[in-house]
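So you can see what is in the structure, the chains are spelled out below.
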Amino acid sequence: MKIATWNVNSIRSRLDHVTQWLQANPVDVLCLQETKVVDPDFPRSPLEDLGYHLYISGQKSYNGVAMLSRSPLADVQIGFAAVLGDDVAEMDEQKRVISGVAEGIRIVNLYVPNGSAIGSDKYDYKLRWLAVLRDYLRAYLADQNPDALSVCGDFNIALEDKDIHDPSKRETHIMSSDVERAALQAVLDLGLSDAFRHLTDEAGHFSWWDYRTAAFRRNRGWRIDHHYLSPSLLKRVKSCVIDVEPRKLEKPSDHAPVIVEL
DNA sequence: ATGGCAGTTCCTAACTGA
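Below: a short report on this structure.

Calculation rules
Residues numbered from 1 in each chain as written. Chains lettered and ligands numbered in written order. Predicted model: local features only at pLDDT ≥ 70, side-chain atom pairs only at ≥ 80, totals over all residues. Heavy atoms only, no water. Buried < 20%, exposed > 50% of the residue type's maximum accessible area, 1.4 Å probe, protein only. Helix = DSSP H or I, 4+ residues; strand = E, 2+ residues; numbered from the N terminus. Contact = heavy atoms within 4.5 Å. 1 Å grid on protein atoms, 1.4 Å probe; cavity = no way out; pocket = protein on both sides within 12 Å on 5 of 7 lines; lining within 4 Å. Points joined across faces, edges and corners; volume = space filled by probe spheres on them. Nonpolar A, V, L, I, M, F, W, Y, C, P; charged D, E, K, R; others polar. Phe/Tyr/Trp six-rings, centres within 6.5 Å; stacked < 30°, edge-to-face > 60°. Pairing = 2+ DSSP bridges. Axes fitted to C-alpha atoms, helices over the stretch in contact; angles between N-to-C directions. Near = heavy atom within 4 Å. Polar contact = N/O pair within 3.5 Å; in protein donor to acceptor, adjacent residues only side chain to side chain. Core = buried A, V, L, I, M, F, W, Y, C linked by side-chain atoms within 4.5 Å.

1. A look at helix α1 (residues 15-24)
Turning to α1, its buried residues number three or more, namely Leu15, His17, Val18, Thr19, Trp21 and Leu22. Packing partners of the buried residues in α1 comprise β1 (2-7), β2 (29-33), α2 (45-48), β4 (65-69) and β14 (258-261).

Here's what the structure looks like:
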């Protein structure tokens with residue numbers, strides 16, 4: 001089973017890239033982030049014509065997540081409140097969370113807040129959001145027996161220095177501060193492991209490159225798009241690959257897709 | 001120290017992203 005995650009930076013601007021990529025890489029489930037479109041305007045037909053079932057949660061201009069699956073997903077749940085109740089409804093105003101079950105695996109698709117700048121209001125929101133995420137994933141893990149939880153998406157955090165082209169300023173940079181890393185690590189301490197790092201210790205593998213300063217050509221990137229697996233799934237992982245090919249196209253997303261095979 | 005690139009909308013300026 002292949003599951004992919006890809007921040008497309010607008011599904012309408014990236015529709016051709018996504019359809020071409022799916023034809024070459026017919027994964028079982030594709031999780032998209034930053035679709036940037038309200039649900040009635042989501043370009044469903046070109047993706048359904050490829051044989052995918054669509055599950056979407058979008059908003060105007062910003063954020064937005066979607067799941068494409070070759071087989072229908074069971075028990076699709078949108079937002080934190082679907083699991084944690086109305087106490088966290090405020091956290092669902094930004095559309096960043098969707099999940100569903102395929103082949104008995106609960107697949108969660110996340111777009112973690114960027115955080116803007118350390119100490120900003122958006123940064124505080126990012127940290128609060130990650131605290132809610134921990135409660136949300138704990139509930140899914142408690143539900144699953146045996147454990148079968150796969151969590152992917154754009155995490156907007158690089159956990160290790162080897163996930164950053166230049167870690168020299170990492171403590172003052174958004175996405176790499178100790179506080180952000182600790183907040184994500186607290187989530188992972190529930191019992192989730194990075195599929196990519198399970199398979200390689202190598203530095204220099206990135207999933208996002210700034211549009212500016214020819215960052216992709218110089219491979220000045222960050223590895224911030226991840227697949228996290230519960231223990232029983234980690235035993236089944238065959239590969240976890242970052243596909244840099246779409247990043248080479250004209251008008252690309254600034255992120256590359258990441259594919260895990262179980 | 002700054003801005004650089006890209007997408008979207010209240011669209012030719014301002015915002016958000018990372």
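2. What to know about the layout of surface pockets
Gaps left between atoms are located by rolling a probe of water-molecule size over the structure's atoms. Of the volumes computed, that of the largest pocket is approximately 800 Å³. Considering the residues around the largest pocket, the lining is formed by 35 residues, among which Asn114, His173, Ile174, Met175 and Trp208 are closest to the centre. Of the residues in the lining of the largest pocket, the class split is 13 nonpolar, 11 polar and 11 charged.

3. Description of empty space enclosed by the protein
Under the criterion given, the structure shown has 1 cavity of 30 Å³ or more. Empty space within the largest cavity amounts to approximately 30 Å³. In this structure, the largest cavity is lined by Asp194, Phe196, Arg223, Asp225, His226, His227, Cys240, Ile242 and Val258. Among the elements of the structure, β12 (225-229) and β13 (239-242) are those that each provide at least two residues to the lining of the largest cavity.

4. Description of the packing of aromatic side chains
In total, this model carries 6 aromatic pairs according to the counting rule given. Relative to Tyr140, the ring of Tyr136 lies with its centre 4.9 Å away and its plane at 70°, an arrangement referred to as edge-to-face. One end of the pair is Tyr136 and the other is Tyr140, both in helix α4 (residues 121-143) and 4 residues apart, which spans about a single turn. Both residues of the pair, Tyr136 and Tyr140, belong to the buried class. Ring geometry for Phe155 against Tyr228: centres 5.0 Å apart, planes inclined by 85°, an arrangement best described as edge-to-face. Here the residue Phe155 occupies a position in the loop between β8 (149-154) and α5 (178-188), and Tyr228 occupies one in strand β12, the gap between them amounting to 73 residues.

5. A short note on the sheet that holds β14
The mixed open sheet is built from 6 strands, whose spatial order is β3-β4-β2-β1-β14-β13. Both outer strands of the open sheet, β3 (53-57) and β13, are each paired with one neighbouring strand and no more. This sheet shows a mean twist of 15° between the axes of neighbouring strands, independent of strand direction. Where β1 lies against β14, 4 bridges are found, and the strand directions are antiparallel.

6. Some remarks on the protein's contact with DNA strand B
Taken together, 24 residues surround DNA strand B, and among them Ser10, Tyr111, Asn114, Met175 and Arg212 come closest. For DNA strand B, the fraction of protein-proximal atoms (within 4 Å) that sit in sugar or phosphate groups is 70%. Between DNA strand B and the protein, one listed contact pairs a phosphate oxygen with a side-chain N or O atom of Asn156 at 2.9 Å. Lys251 is positioned such that a nitrogen or oxygen atom in its side chain is 2.8 Å from a phosphate oxygen of DNA strand B. When its residues are assigned to classes, the surface near DNA strand B shows 6 nonpolar, 9 polar and 9 charged.

7. Focus: the nonpolar core
Counting 30 residues, the largest nonpolar core has Val29, Met67, Ile107, Leu229, Val260 and Leu262 as the members making the most contacts within it. Here this core gets 3 residues from one element, more than from any other, and that element is strand β7 (residues 105-111). Beyond its immediate chain neighbours, meaning those up to four positions away, Val29 contacts Met1, Lys2, Ile3, Ala4, Met67, Leu68, Ser69, Ala102 and Ile107. One finds Val88, Val97, Tyr140 and Tyr228 within the second-largest nonpolar core, a separate group that totals 28 residues.

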